[in-house]
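So the chains spell out like this:
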Amino acid sequence: GAGVSQSPRYKVAKRGQDVALRCDPISGHVSLFWYQQALGQGPEFLTYFQNEAQLDKSGLPSDRFFAERPEGSVSTLKIQRTQKEDSAVYLCASSLALSAGVAFFGPGTRLTVL
Amino acid sequence: GQQLNQSPQSMFIQEGEDVSMNCTSSSIFNTWLWYKQDPGEGPVLLIALYKAGELTSNGRLTAQFGITRKDSFLNISASIPSDVGIYFCAGLDSGGSNYKLTFGKGTLLTVNP
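The rules behind these values
- Residues numbered from 1 in each chain as written.
- Chains lettered and ligands numbered in written order.
- Predicted model: local features only at pLDDT ≥ 70, side-chain atom pairs only at ≥ 80, totals over all residues.
- Heavy atoms only, no water.
- Helix = DSSP H or I, 4+ residues; strand = E, 2+ residues; numbered from the N terminus.
- Rg over C-alpha atoms; globule rule 2.2 N^0.38 Å.
- Buried < 20%, exposed > 50% of the residue type's maximum accessible area, 1.4 Å probe, protein only.
- Areas by Shrake-Rupley, 256 points an atom, 1.4 Å probe, with all protein chains shown as cover.
- Contact = heavy atoms within 4.5 Å.
- Lys, Arg positive; Asp, Glu negative; His and termini not counted.
- Charge placed at Lys NZ, Arg CZ, Asp CG, Glu CD.
- Buried area = accessible area lost by both parts, 1.4 Å probe.
- Salt bridge = Lys/Arg side-chain N within 4 Å of Asp/Glu carboxyl O.
- Polar contact = N/O pair within 3.5 Å; in protein donor to acceptor, adjacent residues only side chain to side chain.
- Nonpolar A, V, L, I, M, F, W, Y, C, P; charged D, E, K, R; others polar.
- Pairing = 2+ DSSP bridges.
- Axes fitted to C-alpha atoms, helices over the stretch in contact; angles between N-to-C directions.

A.B. asks: How would you sum up the overall build of chain B? Please name residues and give values.
C.D. replies: Looking only at helices and strands, one finds zero helices and 11 strands in chain B. Seen in sequence order, chain B has helices and strands lined up from the N terminus as β-β-β-β-β-β-β-β-β-β-β. A compact globule built from 113 residues should have a C-alpha radius of gyration of about 13 Å, and chain B, at 13 Å, falls within 12% of that. For chain B, buried positions account for 45% of its 113 residues. When the accessible surface of chain B is summed, it comes to about 5,300 Å², and 51% of that surface belongs to carbon and sulfur atoms.

A.B. asks: Pulling in residues and values, what's your account of the overall build of chain A?
C.D. replies: The secondary structure content of chain A amounts to zero helices and 11 strands. Secondary structure of chain A in N-to-C order comes out as β-β-β-β-β-β-β-β-β-β-β. A compact globule built from 114 residues should have a C-alpha radius of gyration of about 13 Å, and chain A, at 13 Å, falls within 12% of that. Structurally, chain A occupies a C-alpha span of about 40 × 25 × 25 Å along its principal axes. Counting over 114 residues, chain A shows a buried share of 47%. In chain A, the proportion of contacts linking residues at least 24 apart, taken out of those at least 6 apart, comes to 54%. Carbon and sulfur atoms make up 50% of the accessible area of chain A, which amounts to about 5,500 Å² in all. Taking the 12 positively charged and 10 negatively charged side chains of chain A as two groups, their mean positions are separated by 8 Å.

A.B. asks: Describe the interface of chain A and chain B, and please don't skip the residues or the numbers.
C.D. replies: Counting residues at the interface gives 21 residues for chain A, matched by 18 residues for chain B. With both chains or domains summed, chain A and chain B bury close to 1,500 Å², and 54% of this area falls on carbon and sulfur atoms. Area buried by chain A at its contact with chain B is led by Pro43(A), Gly101(A) and Phe105(A), which between them contribute 28% of it. Connecting chain A to chain B are one salt bridge. The partner of Asp56(A) in a salt bridge is Lys100(B), with the nearest N and O atoms 3.6 Å apart. At the surface where chain A touches chain B, the tally comes to six residue pairs in polar contact (both at pLDDT 80 or more). Per-element accounting of the side of chain A that touches chain B gives the leading share, three residues, to strand E4 (residues 31-37) of chain A. For the side of chain A that touches chain B, a count of residues per class yields 11 nonpolar, eight polar and two charged.

A.B. asks: Please give an account of the environment of Ile47(B) that cites residues and values.
C.D. replies: Residue and element names in this part refer to chain B. Along the chain, the position of Ile 47 falls in strand E5 (residues 44-49). Considered as a pair, Ile 47 and Gln 14 are 33 residues apart in the sequence and their alpha carbons are 23 Å apart. What Ile 47 contacts, discounting residues up to four positions off in sequence, is Trp 32, Leu 33, Trp 34, Thr 56, Ser 57, Asn 58, Leu 61, Thr 62, Ala 63 and Leu 74.

A.B. asks: Outline the sheet that holds strand E1 (residues 4-7) of chain B, supporting the account with residue identities and numerical values.
C.D. replies: All names here are of chain B. Spatially, E1-E3-E8-E7-E6 is the arrangement adopted by the five strands of the open sheet, whose pairing is antiparallel. Either end of the sheet is taken by a strand with one partner, and the two such strands are E1 and strand E6 (55-58). Taken over all neighbouring pairs, the strand axes of this sheet differ in orientation by 15 degrees on average, direction set aside. Relative to strand E3 (residues 19-25), E1 is paired through four bridges, and the arrangement is antiparallel. Within the sheet, the bridge partner assigned to Asn 5 lies in E3 and is Thr 24.

A.B. asks: For the environment of Ser82(B), give the residues involved together with the corresponding values.
C.D. replies: Take Ser82(B): it is sitting in the loop between strand E8 (71-76) and strand E9 (85-92). Taking C-alpha positions, Ser82(B) is 9.4 Å from Thr110(B), a pair spaced 28 residues apart along the chain.

A.B. asks: Any chance you could break down the sheet that holds strand E8 (residues 75-79) of chain A for me, citing the residues and the numbers?
C.D. replies: All names here are of chain A. Read from one edge of the open sheet, four strands run E1-E3-E8-E7, paired in antiparallel fashion. Each of the sheet's edge strands pairs with one partner strand only, and the pair in question is strand E1 (5-7) and strand E7 (65-68). This sheet shows a mean twist of 15 degrees between the axes of neighbouring strands, independent of strand direction.

A.B. asks: Pulling in residues and values, what's your account of the pairing of E3(B)?
C.D. replies: Residue and element names in this part refer to chain B. Alternating positions in E3 separate cleanly, Val 19, Met 21, Cys 23 and Ser 25 being buried on one face and Ser 20, Asn 22 and Thr 24 remaining unburied on the opposite face. Across six bridges, E3 lies against E8 in antiparallel orientation. Each residue of the ladder has a partner; that of Ser 20, found in E8, is Asn 75.

Listed below in structure tokens is the structure:
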């Protein structure tokens, strides 16, 4: 497709379950970003990849959160032992350049933890 | 983390009216961006501002980058029903990191036909 795609679009998990959220960036895009958007809030930065290298993971809320992009294309955000406060929309964005200012966002994955 | 103060929180207007929203920050940004987010979708970039004092238009949208680099506003003229959505300001390049966007909390715009 032409844009950033994310799957699944909706995920319901029981507290304590592990989840994996997938992001397919626009083909050829070097930079990939993950953001977390809580209800009624703006997106908040989680982590940034340049190709396969994770250059900044300072926004990840805890060590239960892990992101990877092993081949510099598809990325997966994994959350272990999910908690209720992890409920949010997880947005992925990609950019041809290094700057997030020209990035395209995907539709997000809405995670609900019961 | 850093906070952007975006106001108003919500607006309810009649079709055809003009709209103005703004964003302020305690920190300097080198780039200001305005996004629109529709339900169930990711943010879509509307306007990017790269220089203090810059005034940029995109159709019925006009945005300005404040002289102090700590504020920006977005105007929408002659609103139409499809302008409904949440508008976010975002700052970039604070402290030299050009990959970390800082978003405001958004302005929910409702347009009554």
